[in-house]
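Structural overview for review
Chain residues, written in single-letter form:
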Amino acid sequence: MPTLPAGPLNVPLATVRYLRDPYGVLLAAARRYGDPYSWPSFFGKLAITGEPAGAKEIFSADPDDFSAIGADLLAPVLGEHNLILLSGDRHRAMRKIQTPPFHAQRLHVYGELILRITEQHIARWPKQRPFSLHRCMQEISLDVILHVVFGLDDEAKRESFRTGILALIGSLKPTFMLFRGLRRPLGGLSAWARFQRRTAEMTALFKAEVNRRRADKVERQDILSLFLGARHEDGTPLGDDELLHQMINLVGAGHETTASALAWAVHYVLSDPAVEHRLREELASVPPVPADPEALTRLPYLGAVCAETLRINPVAPLIGRTLRRTFTLQGHELPAGVSVGIGIINIHHREDIYPDPTRFRPERFLEREYGPFEYLPFGGGARRCLGAAFALYEMKLILATVLKLRTLRPVGKGAARAVMRHTTVGPANGVPMRIA
């Protein structure tokens, strides 16, 4: 007989608490209700596991046992062709098309460009007043996307896309994402109407660039150009809407997430003099001019710092799948239509895997290797983040460049509190810094 595990029942209250303290409420739920526990959401009931064995059950199952969680609700907002909302054959086909640009062996193509973009931004940071490190990291990560993903080599065009992307992101609200009833124009004054206008503006800008690329036929290495050359199994190219939805997904996956992870990484490094000293010593072993991106990304302690940051502060603390058929999770038989989730934050804060789990201790990643069901900042299974290798590569290069070129010091005291920012988790206070 299908049974649901115990958990909170009030959807609005649980949602508000999750938005304000996503890590804290999931950790508290596991302590109170055990594993697995249930979680009420606007996508329906979730049964969440924070056990590596439970994660293995989900990731090792037939991918066709699941569909993308919230696809019907979110498709009108994020795009019906968006990879994260596809399931079954459509998901496999689109994932196959998107995989080649993110192969690890391609990353060196982007290394020098990422370093140059980072250096240009750092040179503009204010020297006489405090500033939001998170905002600065957002600007760097967006510029990387404009160059690497969109391949925009003209400053005026980059500024148009930058303005359009930020306006679109700023118009995206959880209210109409979660409530269909709030998707009303109301004479053009509603949040939904503003979002539709920003979407139309960005769509027009994007399609004009796609048409220009198709006409000039110049060979390029950016991801948009690689997508333009991709073909479905029947030989047909991706349509304009398919291209647009995939690029929106890449912006969403690579902009806010990278910026949040980098802001937290700098915060943790500067909070522990021993960590800062060890990392600066390692970075000094790589000659500064010209900086070698491959040498930087091979530095072991730099890699451990990035890994530990993503352990303590995963940008997606919870991932979910909706069941297409009955599924057994940690002894609970769950019916089709219910969703199952993996509490990444729960696994990453397990005392038996990570002793003293709230302590920032990069050395743990030099002392042992963690399995794919113990450490999973990019998810796992058939839906593991395609851009994981690129994200880590970018994170290492930007963090290394910031620490090599600037001596920063935190403004104020206390840890950066985690809150939901759009669809991922980021620091609430902007991580204020000043240049020493």
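Rules behind the numbers
- Residues numbered from 1 in each chain as written.
- Predicted model: local features only at pLDDT ≥ 70, side-chain atom pairs only at ≥ 80, totals over all residues.
- Heavy atoms only, no water.
- Buried < 20%, exposed > 50% of the residue type's maximum accessible area, 1.4 Å probe, protein only.
- Helix = DSSP H or I, 4+ residues; strand = E, 2+ residues; numbered from the N terminus.
- Pairing = 2+ DSSP bridges.
- Axes fitted to C-alpha atoms, helices over the stretch in contact; angles between N-to-C directions.
- Parallel < 35°, antiparallel > 145°, perpendicular 65-115°, else oblique.
- Contact = heavy atoms within 4.5 Å.
- Nonpolar A, V, L, I, M, F, W, Y, C, P; charged D, E, K, R; others polar.
- Expected span 1.5 Å × (residues − 1).
- Salt bridge = Lys/Arg side-chain N within 4 Å of Asp/Glu carboxyl O.
- Core = buried A, V, L, I, M, F, W, Y, C linked by side-chain atoms within 4.5 Å.

1. Brief notes about the pairing of strand β5 (residues 318-323)
Across the six residues of β5, six count as buried, placing the element largely inside the fold. Here β5 shows two buried faces, one formed by Leu-318, Gly-320 and Thr-322 and the other by Ile-319, Arg-321 and Leu-323. Bridge count between strand β3 (residues 66-68) and β5: three bridges; the pairing is antiparallel. Bridging across to β5, Ser-67 finds its partner in Thr-322.

2. Quick notes on the packing of helix α13 (residues 256-271) against helix α16 (residues 300-312)
Running from N to C, α13 and α16 cross one another at 110°; their axes reach a closest spacing of 9 Å. For the element pair α13 / α16, the angle class is roughly perpendicular. Across the interface between the two elements, Ala-261, Trp-264, Ala-265, Tyr-268 and Val-269 from α13 touch Val-305, Thr-309, Leu-310 and Ile-312 from α16. When grouped by side-chain class, the residues that make up the contact of α13 with α16 number eight nonpolar, one polar and no charged.

3. Section: the sheet that holds β3
Pairing between the strands of a sheet is mediated by backbone hydrogen bonds and can be parallel or antiparallel. Spatially, five strands are ordered β1-β2-β8-β5-β3 in an open sheet, and the strand pairing comes out mixed. For this open sheet the edge positions go to β1 (37-39) and β3, each flanked by a neighbour on one side alone. Taking each pair of neighbouring strands and ignoring which way they run, the sheet shows an average axis angle of 40°. When strand β2 (residues 46-49) meets strand β8 (residues 339-343), the two strands line up parallel, connected through four bridges. Its bridge partner lying in β8, Ile-48 is registered against Gly-341. Against the sheet, helix α3 (residues 52-59) contacts β2, β3, β5 and β8, and its axis sits at roughly 135° relative to β8.

4. Thoughts on α16
With 13 residues, α16 extends 18 Å between its outermost C-alpha atoms, agreeing within 8% with the 18 Å of an ideal straight helix rising 1.5 Å per residue. Most of α16 is tucked away, with twelve of its 13 residues classed as buried. Every buried residue belonging to α16 is among Tyr-301, Leu-302, Gly-303, Ala-304, Val-305, Cys-306, Ala-307, Glu-308, Thr-309, Leu-310, Arg-311 and Ile-312, and all of these are buried.

5. Focus: the pattern of salt bridges
This model, assessed by the stated rule, comprises 27 salt bridges. Between Glu-209 and Lys-157 there is a salt bridge whose closest N-O contact spans 3.2 Å. Here Glu-209, found in helix α10 (residues 191-216), pairs with Lys-157, found in helix α8 (residues 155-171); they are 52 residues apart in sequence, far enough to count as distant. Owing to a relative accessible area of 4%, Glu-209 belongs among the buried residues under this scheme. For Arg-212, the salt bridge is made with Asp-216, and the minimal N-O distance between the two is 3.4 Å. With a gap of four residues between them, Arg-212 and Asp-216 both fall in helix α10, about one helical turn apart. Counted as one network, the salt bridges with shared partners bring together Asp-153, Lys-157, Glu-209, Arg-212, Arg-213, Asp-216, Arg-220 and Asp-222.

6. Quick word on the nonpolar core
Counting residues in each nonpolar core, the largest one holds 119 residues, and the members touching the most others are Trp-39, Trp-125, Leu-133, Met-137, Phe-150, Leu-399 and Leu-408. It is helix α19 (residues 388-405) that contributes the most residues to this core, eleven residues altogether. Sequence-distant contacts of Met-137, defined by excluding residues within four places in its chain, comprise Ala-259, Leu-262, Ala-263, Val-266, Ile-398 and Val-402. In this structure, Phe-327, Leu-334, Ile-342 and Leu-376 belong to the second largest nonpolar core, which totals 16 residues.

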